[in-house]
Amino acid sequence: MSNMALLFNYQETRRRLLAVEDKIAGLESALNMGMLRERLQKIRKEMASCQEAISFLQKEVKKYEDECSNLVEHRQQAEAALYGGRVSLPKELSQLERKINEYKRKETENEDRILLDLLDLEKNQDKLVELEESRNKLGRKLAKVKKSFLREKDQLTTEAKQIQEEIRVFEAVLPADLQERFTRMTAKMGLTVIVEVKEGICGGCHQVVSPAIQERLKKEGPEVITCENCGRLLYV
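Bear in mind that the values here come from a model prediction, so they are computed numbers and not experimental data.

**Considerations on the packing of aromatic side chains**
Aromatic ring pairs are reported here in terms of the distance separating the ring centres and the angle at which the planes meet.
Line of reasoning, step 1. According to the stated counting rule, one finds 3 aromatic pairs in the structure shown.
Line of reasoning, step 2. These aromatic residues form a ring-pair network of at least three members: Tyr10, Phe170 and Phe182.
Line of reasoning, step 3. Looking at Lys63, its charged tip hangs above the ring of Tyr64, at a distance of 4.9 Å from the centre.

**Quick look at a positive patch on the surface**
Line of reasoning, step 1. A cluster of basic residues, Arg39, Lys137, Arg140 and Lys141, forms a positive patch on the protein surface.
Line of reasoning, step 2. Turning to its location among the elements, Lys141 is positioned in helix α3 (residues 90-173).

**Some words on the pairing of strand β1 (residues 194-198)**
Each regular strand shows side chains that alternate between the opposite faces of the sheet.
Line of reasoning, step 1. For β1 and strand β3 (residues 233-235), the ladder comprises 3 bridges, and the chain directions are parallel. Note on β3: the bridge partner recorded for Ile194 is Leu233.
Line of reasoning, step 2. Two elements, β1 and strand β2 (residues 201-202), share 2 bridges in a ladder whose sense is antiparallel. Bridged to Val197 within β2 is Cys202.

**With respect to the nonpolar core**
Line of reasoning, step 1. With 38 residues, the main nonpolar core has Leu7, Tyr10, Leu174, Phe182, Ile194, Leu233 and Tyr235 as its most contacted residues.
Line of reasoning, step 2. Only α1 (3-30), α2 (33-83), α3, α4 (176-189) and β3 provide two or more residues apiece to this core.
Line of reasoning, step 3. The contacts of Tyr235, once residues within four sequence positions are left out, are Met4, Ala5, Phe8, Ile194, Val195, Glu196, Val197 and Leu217.
Line of reasoning, step 4. If you look at the next biggest cluster of nonpolar residues, it comprises 10 residues, including Val197, Leu217, Ile225 and Leu234.

**Observations regarding the sheet that holds β2**
Line of reasoning, step 1. Spatially, β2-β1-β3 is the arrangement adopted by the 3 strands of the open sheet, whose pairing is mixed. Of all strands in the sheet, those with a lone pairing partner are β2 and β3, marking the two edges.

**Quick look at the packing of α1 against α3**
Axis angle and axis distance: for two packed helices, these are the angle between their axes and the distance between the axes, and together they describe the pair.
Line of reasoning, step 1. The geometry of α1 relative to α3 is characterised by a closest axis approach of 9 Å and an angle of 160° between their N-to-C directions. The orientation of α1 with respect to α3, classified from their angle, is roughly antiparallel. Between α1 and α3 lies a crossing of left-handed hand.
Line of reasoning, step 2. Looking at the contact of α1 with α3 residue by residue, the classes come out as 13 nonpolar, 4 polar and 10 charged.

**Things to note about the environment of Leu40**
Line of reasoning, step 1. Mapped onto the elements, Leu40 comes out in helix α2.
Line of reasoning, step 2. Judged by relative accessible area, which is 7%, Leu40 ranks as buried.
Line of reasoning, step 3. Each C-alpha atom of the pair Leu40 and Leu142 lies 8.9 Å from the other, and the pair is 102 residues apart in sequence.
Line of reasoning, step 4. Not counting chain neighbours up to four residues away, the residues in contact with Leu40 comprise Arg135, Leu138, Gly139 and Leu142.

**Points about the confidence of the model for the protein chain**
Low-pLDDT portions of the prediction should not be read for the details of their coordinates.
Line of reasoning, step 1. Overall, the prediction assigns the protein chain a mean pLDDT of 93, with 99% of residues at 70 or greater.
Line of reasoning, step 2. Summarising per-element confidence for the protein chain, the mean pLDDT is lowest in helix α5 (residues 211-218) (89) and highest in α3 (95).

Basis of the calculations
Every chain is numbered independently, its residues counted from 1 as its sequence is written. Residues qualify for local features only when their pLDDT is at least 70, as the model is predicted, and side-chain atom pairs are given and counted only at 80 or more; totals for whole chains, interfaces and linings, by contrast, use all residues. Only hydrogens and water are removed before side-chain values are computed, so all heavy atoms of the structure are retained for them. When two rings of Phe, Tyr or Trp (its six-membered ring) have centres within 6.5 Å they constitute a pair, described as stacked for plane angles under 30 degrees, edge-to-face for angles over 60, and tilted for the intermediate range. Only lysine NZ and arginine CZ atoms are considered, and such an atom sits over a ring when it is within 6 Å of the ring centre and within 35 degrees of the ring normal. Like charges are joined within 9 Å and nonpolar side chains (Val, Leu, Ile, Met, Phe, Trp, Tyr) within 5 Å, but only among residues with over 30% relative accessible area and no salt bridge; these make up the patches. Here, Shrake-Rupley sampling with a 1.4 Å probe gives the accessible areas, and only protein chains in the shown set may cover a residue. Any Lys or Arg side-chain nitrogen located within 4 Å of an Asp or Glu carboxyl oxygen qualifies as a salt bridge. His is not counted here, nor are the chain ends, while Lys and Arg score as positive and Asp and Glu score as negative. To locate a charge, the coordinates of NZ of Lys, CZ of Arg, CG of Asp or CD of Glu are taken. Secondary structure elements are defined from DSSP: runs of H or I of at least 4 residues count as helices, runs of E of at least 2 residues count as strands, and each element is numbered from the N terminus. Note: two strands are recorded as paired if DSSP finds a minimum of 2 bridges between them. The criterion is simple. A nonpolar core is a set of buried Ala, Val, Leu, Ile, Met, Phe, Trp, Tyr and Cys residues joined through side-chain atoms within 4.5 Å. Each residue gets one of three labels from its accessible area relative to the maximum for its type: buried under 20%, exposed over 50%, partly exposed in between, using a 1.4 Å probe on protein chains only. Contacts between residues were defined by any pair of non-hydrogen atoms, one from each residue, lying within 4.5 Å. Axis geometry follows a simple rule: fit a line to the C-alpha atoms, using only the stretch in contact for helices, then measure angles between N-to-C directions, giving values from 0 to 180 degrees. Should an angle lie under 35 degrees it is considered roughly parallel, over 145 roughly antiparallel, and from 65 to 115 roughly perpendicular; all remaining angles are considered oblique. In this scheme, a crossing is called left-handed if the near helix is turned counterclockwise away from the far one by less than a right angle; it is called right-handed if the turn is clockwise. Here the nonpolar group is Ala, Val, Leu, Ile, Met, Phe, Trp, Tyr, Cys and Pro; Asp, Glu, Lys and Arg are the charged ones; every other residue, Gly included, is treated as polar. Values of pLDDT, the confidence the predictor places in each residue, fall between 0 and 100.

Structure (structure tokens):
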């Protein structure tokens, strides 16, 4: 095999390696792992917010229940005084009646607050259950995708190592000056330094290669021939 043929195959092997490395780099994105993690994080934040709301409402319910118990106790004491015959003066009786009515009003207000809080508490508890189910379902999906990601990454990594070994074989047999020229040209042209000429057409710029150059290409030898139009190395 000529040096130009070796160089062409070396370039194509380098391109294969680049393609595999790009696959590895984009694998997580391709499997939507980032999106799944964001959704899972969002659900966890919603769950935390829901748990805070539940905790707050439970404290509120307890507070109003304690207030209700105190109001009932004071109202019963006032009622005992009113109906127990211990108070006989009209003014004191009137004051007790007002106190009892005020206690009842506050009891009703607290009972209404407790009812509303219990309704909100139930909604948040139901929502938390739904969020936990969503979290668990999404967690299982993410674990499955992660397993697939690791499996594919291992396969691609193994493939990359095999290609790297092929590259080392080429580098061991290619002339040093040709490798150096190739490396310099890749800085400007990327991994399309050497192109094949098919039916008289340059594989890089797709322009017609002059008959004189085509004749030179047919002669196997150490000469490095470039395209007159794009400057790429030519190979047949």
